[in-house]
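The primary structure of each chain is shown beneath.
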Amino acid sequence: KSGFISIIGRPNVGKSTFLNRVIGQKIAIMSDKPQTTRNKVQGVLTTNDSQMIFIDTPGIHKPKHKLGDFMLKVSKNTLREVDVIMFMVNAEQKLGKGDEFILEMLAGNPTPVFLVINKIDQIHPDELMGIIDSYKERYDFAEIVPISALQGNNVENLLATLSKYL
Ligand code: GDP
Ligand code: MG
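Nothing here was measured: the structure is a model prediction, and the numbers come from that model. (Residues numbered from 1 in each chain as written. Chains lettered and ligands numbered in written order. Predicted model: local features only at pLDDT ≥ 70, side-chain atom pairs only at ≥ 80, totals over all residues.)

## Quick notes on the confidence of the model for the chain
Next, step 1: When pLDDT is averaged along the chain, the result is 87; 85% of the residues meet or exceed 70.
Next, step 2: At the level of chain-chain contacts, confidence expressed as ipTM amounts to 0.99, with global pTM at 0.91. (pLDDT = per-residue confidence, 0-100.)

Next comes the structure, spelled out in structure tokens:
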């Protein structure tokens, strides 16, 4: 099993920290799935039974700038070509404008979207349900997975769940 996963989310939510944790080895991409040059490979995770290729989608990271129609279209099309979209948010922050921008961009996309709630080491467990509910109102996520990319909590579970979608 192999597939492409796009990690999107506001700056500082922990995307790089997550990638640094999971990318143990970098090897040649053996996937037979078509790849477009607009997808920048950030890392490859190879396990016994799966290969996950994490890619960057340009244009998603600039919610403060008004994107041209073209850029928006390119980013949207890229998100259609991946197997899973990981939408990462910070458990410490309320759903903000940057998140709204991304959720609007995802609207109508057929690709399964995981809501990954990161930095759960920073919140009280009782707060988690409220956070989940606020995002659930806004989008029909395929999976909702709380993690701590820094400490590693639930990261194995996230990877196992991702592999089911490849
Ligand atoms: P990115 O901009 O989304 O790539 O975010 P980074 O991976 O650069 O992380 C931004 C900051 O958040 C860094 O200082 C990280 O150490 C911190 N961070 C990332 N993940 C976690 C986490 O799970 N818990 C805590 N407490 N801090 C985190
Ligand atoms: Mg980063």
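## A closer look at the sheet that holds strand S1 (residues 2–8)
Next, step 1: One open sheet holds the six strands; their spatial order is S2-S3-S1-S4-S5-S6, and the pairing between them is mixed. One side of each edge strand has no neighbouring strand; the edge strands of this open sheet are strand S2 (40–46) and strand S6 (143–146). Across the sheet, the mean angle separating the axes of adjacent strands is 25° when strand polarity is ignored.
Next, step 2: Of the pairings in the sheet, the one linking S1 to strand S4 (residues 84–90) comprises four bridges and is parallel in character. The residue bridging isoleucine 7 from the neighbouring strand is methionine 86, located in S4.
Next, step 3: Running at roughly 160° to S6, helix H5 (residues 155–163) makes contact with S1, strand S3 (51–56), S4, strand S5 (113–118) and S6 of the sheet. (Pairing = 2+ DSSP bridges. Helix = DSSP H or I, 4+ residues; strand = E, 2+ residues; numbered from the N terminus. Axes fitted to C-alpha atoms, helices over the stretch in contact; angles between N-to-C directions. Contact = placed C-beta atoms within 7 Å.)

## What about the site of ligand 1?
Next, step 1: In the vicinity of ligand 1 there are 15 residues, among which Gly14, Lys15, Ser16, Thr17 and Leu150 approach most closely.
Next, step 2: Per element, the largest residue contribution to the shell around ligand 1 is three residues, and it comes from helix H1 (residues 15–22).
Next, step 3: Grouping the constituent residues of the shell around ligand 1 by class yields four nonpolar, eight polar and three charged. (Near = placed C-beta within 6 Å. Nonpolar A, V, L, I, M, F, W, Y, C, P; charged D, E, K, R; others polar.)

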